[in-house]
Amino acid sequence: MSAGLGSGAEENPYEVLGVNPLESFDKIKVLYSRKHKDAEKSGNEAAAARLERAYDKIMMSQLSKRKKGLTFGAVEVSKNIKYADKQPLLPWGPKKARSIKRDIMINVGISVAMSVWVVISEGMADWKPLQVLIFGYVFQLFNKLKQYEPPDVTVYDEEDHNKNVAKSGKRLLRTFGLVFGCVTVASLVFTGILNGIEIIGASIPRALYNSQETFVTIVSAVLMFFVGSFYR
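Within every chain, residues take consecutive numbers counted from 1 along the sequence as written. Where totals are concerned, whole chains, interfaces and linings use all residues; where local detail is concerned, this predicted model gives features only for residues with pLDDT of at least 70, and gives and counts side-chain atom pairs only at 80 or more. Note: side-chain values were computed over all heavy atoms of the structure, leaving out hydrogens and water.

1. Considering the overall build of the protein chain
Secondary structure assignment for the protein chain yields 10 helices and two strands. Secondary structure elements follow DSSP: runs of H or I of four or more residues count as helices, runs of E of two or more count as strands, with numbering from the N terminus. Listing every helix and strand of the protein chain by position from the N terminus yields α-α-α-α-β-β-α-α-α-α-α-α. Residues classed as buried in the protein chain amount to 33% of the 232 residues present. Within the protein chain, contacts between residues separated by at least 24 positions form 70% of all contacts whose residues are at least 6 apart in sequence. Areas reported as accessible are Shrake-Rupley estimates using a 1.4 Å probe. Residue values count occlusion only from the protein chains shown. Here the protein chain displays about 14600 Å² of accessible surface, and carbon together with sulfur accounts for 61% of that area. Residue exposure (1.4 Å probe, protein chains only): buried if accessible area is under 20% of the type maximum, exposed if over 50%, otherwise partly exposed. Contacts were defined at the residue level, with two residues in contact if any of their heavy atoms lie within 4.5 Å.

2. Quick look at the pattern of salt bridges
Between Lys or Arg on one side and Asp or Glu on the other, a salt bridge is scored when a side-chain nitrogen of the former is within 4 Å of a carboxyl oxygen of the latter. Per the counting criterion, the structure on display carries three salt bridges. The shortest N-O distance in the salt bridge between E11 and R50 comes to 2.9 Å. On the criterion of sequence distance, the pair formed by E11 in the loop between α1 (2-9) and α2 (13-17) and R50 in helix α4 (residues 45-63) is long-range, its members being 39 residues apart. You can call E11 partly exposed: its relative accessible area is 24%. Here D103 ties to R102 by a salt bridge, and the two come within 3.6 Å at their closest N and O atoms. Relative accessible area serves as the criterion here: at 15%, D103 is assigned to the buried category. Residue classification places R102 among the exposed positions, given a relative accessible area of 55%.

3. Re unusual backbone geometry
The residue D126 is not glycine, and still its phi comes out positive at about 55°. Note on placement: D126 falls in the loop between α6 (101-120) and α7 (128-146). In this structure, W127 takes a positive phi of about 65° despite not being glycine. In this fold, W127 is placed in the loop between α6 and α7.

4. Notes on the nonpolar core
In terms of nonpolar packing, the biggest core is built from 21 residues, with L130, L133, I134, Y137, V179 and M224 touching the most fellow members. Mapped onto this core, the elements with two or more residues apiece are α6, α7, α8 (163-199) and α10 (212-230). In terms of residue count, the dominant contributor to this core is α8 (seven residues). Beyond its immediate chain neighbours, meaning those up to four positions away, M224 contacts L133, I134, Y137, V179, C182, V183 and S229. Joining through side-chain atoms within 4.5 Å is the link that ties buried Ala, Val, Leu, Ile, Met, Phe, Trp, Tyr and Cys residues into a set, and such a set is a nonpolar core.

5. Quick look at the UniProt feature "transmembrane region" (unreviewed entry) in the protein chain
UniProt annotation of "transmembrane region" (unreviewed entry) refers to residues 104-121, 172-194 and 214-231 when read in the numbering used here. Annotated as residues 104-121, this span is 94% helix and 0% strand, and its ends, taken at the C-alpha atoms, are 26 Å apart. The span residues 214-231 carries 94% helix and 0% strand; its end-to-end C-alpha distance comes to 25 Å. UniProt positions are given in the numbering used here, feature names are shortened, and annotations may be inferred rather than shown by experiment.

6. Thoughts on α7
Between the first and last residue of a helix there are one fewer steps than residues, each counted as 1.5 Å, and that sum is the expected span. Between its first and last C-alpha, α7 extends 27 Å over 19 residues, near the 27 Å set by a 1.5 Å rise per residue. Listed as buried for α7 are P129, L130, L133, I134, G136, Y137, V138, Q140, L141, K144 and L145.

7. Side note on the confidence of the model for the protein chain
Along the chain, pLDDT gives the predictor's confidence residue by residue, from 0 to 100. Per-residue pLDDT for the protein chain averages 80, and the proportion of residues at 70 or more is 76%. Low pLDDT, under 50, characterises residues 1-8; the stretch is placed with zero contacts to residues that sit more than four places away or in other chains. Taken together, the stretch residues 82-87 has pLDDT below 50 and engages in eight contacts with residues farther than four places along the chain or on a different chain.

8. A closer look at the packing of α7 against α10
Between N-to-C directions, angles span 0 to 180 degrees; the directions come from axes that are lines fitted to C-alpha atoms, helices contributing only their stretch in contact. Between α7 and α10, the shortest axis-to-axis distance is 10 Å and the interhelical angle comes to 10°. Judged by the inter-axis angle, α7 sits roughly parallel to α10. Every residue of α10 that contacts α7 at K128, P129, L130, L133, I134, Y137, L141 and K144 is listed here: E213, V216, T217, S220, A221, M224, F225, V227, G228, S229 and F230. Taken together, the residues that form the contact of α7 with α10 break down as 12 nonpolar, four polar and three charged. Orientation categories follow fixed angle ranges, with anything under 35 degrees roughly parallel, anything over 145 roughly antiparallel, 65 to 115 roughly perpendicular, and all other angles oblique. Gly falls in the polar group here, along with every residue not listed as nonpolar (Ala, Val, Leu, Ile, Met, Phe, Trp, Tyr, Cys, Pro) or charged (Asp, Glu, Lys, Arg).

Pasting the structure below:
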């Protein structure tokens, strides 16, 4: 039994996770999360524990090098770890993260369908296309953000509050921030156009004035597509 445990401790963590040592830490984290969830779903506790040990070993290796500026194989140590004690300028700002092809195609379908709906209704749909658009991207982004988190593990703090609930709450809050941020930008652009026309002394065309729903919905659809497909 002791020999088996010893050999497990000496396992190459990259071979356990099935990744190349030159892969970025973000990619390793996503792959680990997926494999760990698969192991939990299949009830293979031994495999899940083995994956956890490998992931922790890689993470600790990078943490020990973050202040030294050492390279990680042929790649620099992940910036998120190397500078973990430095807060980014916009910690809640969008971060680059390309979705898989299937999700990008789903995002295209959502944006195109809602844009066509609002155009066909001639801006008289009572904002329903925008509401469905928001719901669709909240669902898409919430699931996408979850892929960049470690697997859920039931952990309680001193007050017996489930930390996983807090983590899900933060993920939902960030999802709302990204989605409604797109709507806010679209609304501000429309208002800016109207104000700009007034500033130059021209009259606002009635067609433009009455097209707020169409404009905001379509611009929001475009912004949400790019945020949902290429950011997180």
